[in-house]
Amino acid sequence: MSLKRLCATKPTEELLAAIDEDGGIIIDGLFPKDVIERLSDDVLAAADQVVPGAATQGLDDDGKEFVGYNTIRFSSLGKISEAYFNLLDNEVYAALADAVLLPNCGSYWINTGQAMLIGPGSEAQMLHRDCLNWFRAASADWPNSPEVTLSAMIALDEITDAMGATRVIPGSHKWDDCTDMGNQDMTVPAEMGRGDALVYLGKTVHGGGANVTEDSWRNAIHLSFVLGWLTPEESCPLDYTDDELRCRSPRVQRLLGHRSYDPRPTPGGGLWLRDVSKIEDVAGL
């Protein structure tokens, strides 16, 4: 069994049908190669300043095991590369996120935009479901609970199984037990070329693969969204000032936490307010 692989030019409905069936899909050419090339150059330059295994995800030693002892992770990607903002305005990925997340909220924002470079000799990451970061929101009425997050693993360069391609258990988003993570024998690798992306649901069991090469790094970026009424993993609003985002699209401003959360058309109240006398725009951008 393998994940379906479709071109980014396919109709949104066809892409969504594949995601609904398997819990994830490989989309060829989701991001323009010139954008990815610029982003790759900037990420690799920044990676030279990061010690492998330094990231903990805030979980101390358990976090080091989760992210990998020979894995380089870092965020705040818009601070190192202008190309990052192009990813946030990508029309195809936006359409998928809108379809998956907006029925459950008024808007969503970035959960994490993170470089994930898996080095030689790295063991396979523990299998997990991203949605369980927000366990109570995701597990209520499982597996019929609403999706709370959507992710894309984006290839900055060619990614092979031997280099640590992300491994996925197709159909696991429909299992009855949200704590069942299956096992590695049930997984399939998401091998990709530069600019391709694995787009998958928060309920889908997955994990970074083992890098069994001697000298090749798996270079990728993880870009995920979460419902606007939930706390993201990364505090993006602290990374950027209003002036830095003034020239960006309203979508980018919202994704990076510089606009308020409007629950409409779902029930609820306005959140993430700065100046309640300016109801049109919390950030005043």
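These numbers were taken from a predicted model, which means no experiment stands behind them.

Calculation notes
- Residues numbered from 1 in each chain as written.
- Predicted model: local features only at pLDDT ≥ 70, side-chain atom pairs only at ≥ 80, totals over all residues.
- Heavy atoms only, no water.
- Phe/Tyr/Trp six-rings, centres within 6.5 Å; stacked < 30°, edge-to-face > 60°.
- Helix = DSSP H or I, 4+ residues; strand = E, 2+ residues; numbered from the N terminus.
- Buried < 20%, exposed > 50% of the residue type's maximum accessible area, 1.4 Å probe, protein only.
- Pairing = 2+ DSSP bridges.
- Axes fitted to C-alpha atoms, helices over the stretch in contact; angles between N-to-C directions.
- Parallel < 35°, antiparallel > 145°, perpendicular 65-115°, else oblique.
- Left-handed = near helix turned anticlockwise from the far one by under 90°.
- Contact = heavy atoms within 4.5 Å.
- Arc of directions from axis to C-beta.
- Polar contact = N/O pair within 3.5 Å; in protein donor to acceptor, adjacent residues only side chain to side chain.
- Salt bridge = Lys/Arg side-chain N within 4 Å of Asp/Glu carboxyl O.

## Some words on the packing of aromatic side chains
Part 1: Per the counting criterion, the structure on display carries six aromatic pairs.
Part 2: Look at Phe 85 and Tyr 240: their rings are 6.1 Å apart centre to centre, the planes differ by 65°, and that puts the pair in the edge-to-face class. Here Phe 85, found in helix H4 (residues 83-88), pairs with Tyr 240, found in the loop between strand S10 (218-227) and helix H7 (242-245); they are 155 residues apart in sequence, far enough to count as distant.
Part 3: Classification of Tyr 240 by relative accessible area gives buried; the value is 6%.
Part 4: Taking the centre distance of 5.1 Å and the plane angle of 40° together, the rings of Tyr 108 and Phe 225 count as tilted. With a gap of 117 residues between them, Tyr 108 in strand S4 (residues 108-118) and Phe 225 in strand S10 connect regions that are remote in the sequence.
Part 5: For Tyr 108, a relative accessible area of 4% puts it in the buried group.
Part 6: Taken together, the aromatic side chains of Phe 31, Tyr 93, Tyr 108 and Phe 225 make up a single cluster linked through ring pairs.

## Observations regarding the pairing of strand S5 (residues 149-155)
Part 1: With seven of seven residues buried, S5 lies mostly within the body of the structure.
Part 2: Residues Thr 149, Ser 151, Met 153 and Ala 155 of S5 are buried on one face, and the alternating residues Leu 150, Ala 152 and Ile 154, pointing to the opposite face, are buried as well.
Part 3: Where S5 and S10 come together, seven bridges link them in antiparallel fashion. Paired with Leu 150 across the strands is Phe 225, a residue of S10.
Part 4: Pairing of S5 with strand S8 (residues 197-201), which is carried by five bridges, proceeds in the antiparallel orientation. In the strand pairing of S8, Leu 150 is matched with Leu 201.

## A closer look at the packing of helix H1 (residues 12-22) against helix H5 (residues 91-101)
Part 1: At a minimum axis separation of 10 Å, H1 and H5 run at an interaxial angle of 60°. Considering their axes alone, H1 and H5 lie oblique with respect to each other. At the point where H1 passes H5, the crossing takes the right-handed sense. Contacts between H1 and H5 involve Thr 12, Leu 15, Leu 16 and Ile 19 on the former and, on the latter, Val 92, Ala 95, Leu 96, Ala 99 and Val 100.

## Overview of H5
Part 1: Those residues of H5 not exposed but buried are Tyr 93, Ala 94, Leu 96, Ala 97, Val 100 and Leu 101. Across the axial projection of H5, the buried residues extend over an arc of 165°, all falling on one side.
Part 2: Its side-chain oxygen at 3.2 Å from the backbone nitrogen of Val 92, Asn 90 defines the N-terminal cap of H5.

## A short note on the sheet that holds strand S9 (residues 206-207)
Part 1: Reading across the sheet, the three strands line up as S7-S6-S9 and stay open at both edges, with antiparallel pairing between neighbours. Two strands close off the open sheet at either side, each with one partner strand: strand S7 (188-189) and S9.

## Re the pattern of salt bridges
Part 1: With the rule as written, the count across this model stands at 11 salt bridges.
Part 2: Here Asp 161 and Arg 167 are joined by a salt bridge, their closest N and O atoms 2.8 Å apart.
Part 3: Connected through shared salt-bridge partners, Lys 4, Glu 21 and Asp 22 make up one network.

## A few points about the sheet that holds strand S3 (residues 71-74)
Part 1: With mixed pairing, the seven strands of this open sheet are ordered in space as S1-S2-S8-S5-S10-S4-S3. Each edge of the open sheet carries a strand with a single partner, namely strand S1 (5-7) and S3. Strand-to-strand twist in this sheet, taken as the mean axis angle between neighbours without regard to direction, amounts to 25°.
Part 2: The pairing of S1 with strand S2 (residues 24-28) spans three bridges and is parallel. Residue pairing in the sheet places Cys 7 in a bridge with Asp 28 of S2.

Any link to function would need more than the numbers given here.
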